[in-house]
Amino acid sequence: MTQTSKSSKAKRGLSLLAGLGLALAASQPALAQTGKTYAFPGIPDNSVEKFGGPQGVHNWVESLFYYIMLDNRINWIFSEFGNVERQIMLNTQLEQMVLGGNVEYQGASMAAAHADLGITMGQFNAVVEAAYSACERVHTPYHTCNQLIAALAPFTFDIVTR
Amino acid sequence: MTGFREGSLRRWLGGAAVSAALLASTSASAEWFNSDKVFLTGGVVTTDGSGGGGITPWATISGYGTRDGINGGLHYTWVYLPDYTLNSYGVTVGFFDRLELSYTNSVLPTGGTFDTVGLAVSALGGAGTGIEPWNTTIKMDVFGAKLRLFGDAVYNSHSLIPQVAIGGFYKKNRNAALLETLQAADDTDWEAYVSATKIFFPVSTLINVTARYTSANQIGLTGFGGPDGNDKEVRLEGSIAYLLNKQFAIGGEYQQHGDNLDNKSVKLGALDLTGLTGLLGGLGNSLTQLEESDWYDLFFAYAPSKNFSMTFAYAMLGNITLTPDQSGFYLSLHATF
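Keep in mind it's a predicted model, so treat the numbers as computed, not measured.

Visitor: I'm lost on the overall build of chain A in this one. Help?
Guide: Assigned secondary structure in chain A consists of nine helices and zero strands. Taken from the N to the C terminus, the helices and strands of chain A come in the order α-α-α-α-α-α-α-α-α. Long-range pairs, those at least 24 residues apart, make up 73% of the contacts in chain A between residues at least 6 apart in sequence. For chain A, the computed accessible surface area is about 9,000 Å², with 59% contributed by carbon and sulfur atoms.

Shown next, in the form of structure tokens:
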């Protein structure tokens, strides 16, 4: 009787610890990412291919910036703090990498790149809306588009600092 | 007199909530107002008035406000069942993606068996049962509050931690006489719940699990508790939604119900007919309450713009008090500012 209650107590203690561990892991600042994003359930291996290969991803990024630069809520941030052509180049690398493509991303980590910009959740969401519009523009199906959303979602916590 | 005072309090609270919503939406102070959540991520509104699915509250805060502002909405829900029609309308306000306050007024006109019972009771000279022959109506006020504790249902795709919120409802049913007839213990009570919600983007699916601590019969429309007392218990609810695209979602829901009034007779005046209904023939069957069924629904939600969403559902509510097989059409309209 005592043993059972002890072991169940120990189990509860362990699961509490595991929960804390998970919570801590979630609150750690992400290191500069070097490969495919971990998501649950996993992002399929053929996601870059489904996006139309490297050229398809590039087309998507072009469309993304087209919609971003038309969005008066956020276009000023992009024109003020970066060279749009360079951002398109770096994003084409980044998007392939997080989807599992064998591409080296040469830019700064998301946390470093956005640290001083004071980006709000609303501004970040505006980019997500542009991302969905871009998928529609290049005829990437919604379900495939969500693989990229899943792959980019964790950057929210690096990019949104306000 | 008391009724009058309660009425004006209710009107005042409803008015205050509407003013708050209007203030939040029309105020020129752009710093407070916010509608920057992504499409449909504020969810729709439940029959209890909280942000969620159709019947189950989610951990999401209703409206399109992010953590930087306030947003709110108005809703109207219509459920058309063989013997009942539920009309509910109300207001929901979300504060900084953290706190949600809601008020909903539910009006449930009954028909069918209730008409039969009402006629029989009138013929037998009964009075004060709350069942009129043709126009028995149940009205309920629902005040809700929800607090998001932790987690991000949308962007936390790299971990399994869901968005978690706790919440509660204060429900006041205004047909006390009918509830006494049905042998419910109380006409006014509170419920508490904890909800965990998460979108799994790789499979375009949202999952919500809710545990609700309650003693409600038919979400409180037929009161709380039964002749054996008013004891709360934990009941489970769940929603699953598949996102067809950024504006459409389809899915289903489940809500566990209790058994406080199962097989209980209706009580006419001081007379409990539980032991006698067998002797009363056909009328007797009409006077015994059926086993309360769990609720299910299959829904289709469409948000043509961020300011408006429509939810169509087939609601399978099973046995409701005296009447079996209550399945029907559910429509909910939600306007957000």
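Visitor: Which parts of the structure should I look at to understand the pattern of salt bridges?
Guide: Proximity of charged atoms lets side chains of opposite charge pair with each other. Following the criterion strictly, the structure yields 16 salt bridges over all chains and no others. R212(B) is the partner of D48(B) in a salt bridge, and the nearest nitrogen-oxygen pair spans 2.8 Å. Of this pair, D48(B) sits in the loop between β1 (44–45) and β2 (51–52) while R212(B) sits in strand β9 (residues 205–214), and the two are 164 residues apart along the sequence. The burial state of D48(B) is the same as that of R212(B); both residues are buried. Within the structure, one salt-bridge network assembled from shared partners comprises D71(A), R73(A), E129(A), D36(B) and K306(B).

Visitor: Explain the state of the cysteines here, please?
Guide: Cysteine pairs can be covalently joined through their sulfur atoms, and such a bond is termed a disulfide. All names here are of chain A. In this structure the tally under the stated criterion is one disulfide over all chains. Shown here is the disulfide that connects C135 with C145, its sulfur atoms set 2.1 Å apart. Between C135 and C145, the S-S dihedral sits near 85°, and the bridge is therefore right-handed. One end of the pair, C135, is in helix α7 (residues 121–137); the other, C145, is in helix α8 (residues 142–152), with ten residues separating them in the sequence. As far as burial versus exposure is concerned, C135 and C145 are alike and both buried.

Visitor: Teacher, can you tell me more about the nonpolar core here?
Guide: Soluble globular proteins tend to pack their nonpolar side chains together in the buried interior. Residues W60(A), L64(A), L94(A), V98(A) and Y155(B) are the most contacted members of the largest nonpolar core, which totals 83 residues. Looking at this core, the element that brings in the most residues is α7(A), giving nine residues. Those residues in contact with W60(A) that lie beyond four places of it in its chain are F51(A), E95(A), A131(A), A134(A), C135(A), V138(A) and L148(A).

Visitor: Whenever I open this one, the environment of P162(B) confuses me. Can you help?
Guide: All names here are of chain B. With respect to the secondary-structure elements, P162 resides in the loop between β6 (137–150) and β7 (163–173). P162 sits in the partly exposed class, given a relative accessible area of 21%. It is 8.9 Å that separates the C-alpha atoms of P162 and N208, two residues lying 46 residues apart in sequence. Leaving out residues up to four positions away in the same chain, P162 has contacts with F150, G151, D152, A196, T197 and K198.

Visitor: Which parts of the structure should I look at to understand the side chain of D141(B)?
Guide: All names here are of chain B. Topologically, D141 is positioned in strand β6. The buried category is assigned to D141, whose relative accessible area is 2%. For D141, the side chain forms a polar contact with the side chain of Y103, separated by 2.7 Å. Polar contacts involving the side chain of D141 include one to the side chain of N105, which spans 3.0 Å.

Visitor: Sorry, what's going on with the sheet that holds strand β10 (residues 233–245) of chain B here?
Guide: Sheet strands line up and pair through hydrogen bonds in the backbone, either parallel or antiparallel. Residue and element names in this part refer to chain B. Taken in spatial order, the twelve strands line up as β3-β4-β5-β6-β7-β8-β9-β10-β11-β14-β15-β16 and close into a barrel, and their pairing is antiparallel. Here the strands of the sheet are splayed against their neighbours by 20° on average, with no regard to which way each runs. With eight bridges connecting them, β10 and strand β11 (residues 248–255) associate as antiparallel partners. For S239, the partnering residue across the bridge sits in β11 and is E253.

Visitor: Could you clarify how one ought to interpret the interface of chain A and chain B in this entry?
Guide: Interfaces are frequently sized by the accessible area removed from exposure as the parts join. Facing the 31 residues of chain A at the interface are 25 residues of chain B. Taken together, both faces of the contact between chain A and chain B bury some 2,500 Å²; the carbon and sulfur share is 62%. Among the residues chain A hides against chain B, the three largest losses belong to F40(A), M121(A) and Y142(A). Together they make up 23% of the total. Inspection of the chain A/chain B interface yields three salt bridges. With a shortest N-O distance of 2.8 Å, K306(B) and E129(A) are connected by a salt bridge. Summed over the shared surface of chain A and chain B, the number is nine residue pairs in polar contact (both at pLDDT 80 or more). Broken down by secondary-structure element, the contributors of at least two residues to the side of chain A that touches chain B are α1 (2–27), α7, α8 and α9 (156–159) of chain A. The element contributing the most residues to the side of chain A that touches chain B is α7(A), with nine residues.

Conventions we followed
Residues numbered from 1 in each chain as written. Chains lettered and ligands numbered in written order. Predicted model: local features only at pLDDT ≥ 70, side-chain atom pairs only at ≥ 80, totals over all residues. Heavy atoms only, no water. Helix = DSSP H or I, 4+ residues; strand = E, 2+ residues; numbered from the N terminus. Contact = heavy atoms within 4.5 Å. Areas by Shrake-Rupley, 256 points an atom, 1.4 Å probe, with all protein chains shown as cover. Salt bridge = Lys/Arg side-chain N within 4 Å of Asp/Glu carboxyl O. Buried < 20%, exposed > 50% of the residue type's maximum accessible area, 1.4 Å probe, protein only. Disulfide = S-S within 2.5 Å. Core = buried A, V, L, I, M, F, W, Y, C linked by side-chain atoms within 4.5 Å. Polar contact = N/O pair within 3.5 Å; in protein donor to acceptor, adjacent residues only side chain to side chain. Pairing = 2+ DSSP bridges. Axes fitted to C-alpha atoms, helices over the stretch in contact; angles between N-to-C directions. Buried area = accessible area lost by both parts, 1.4 Å probe.

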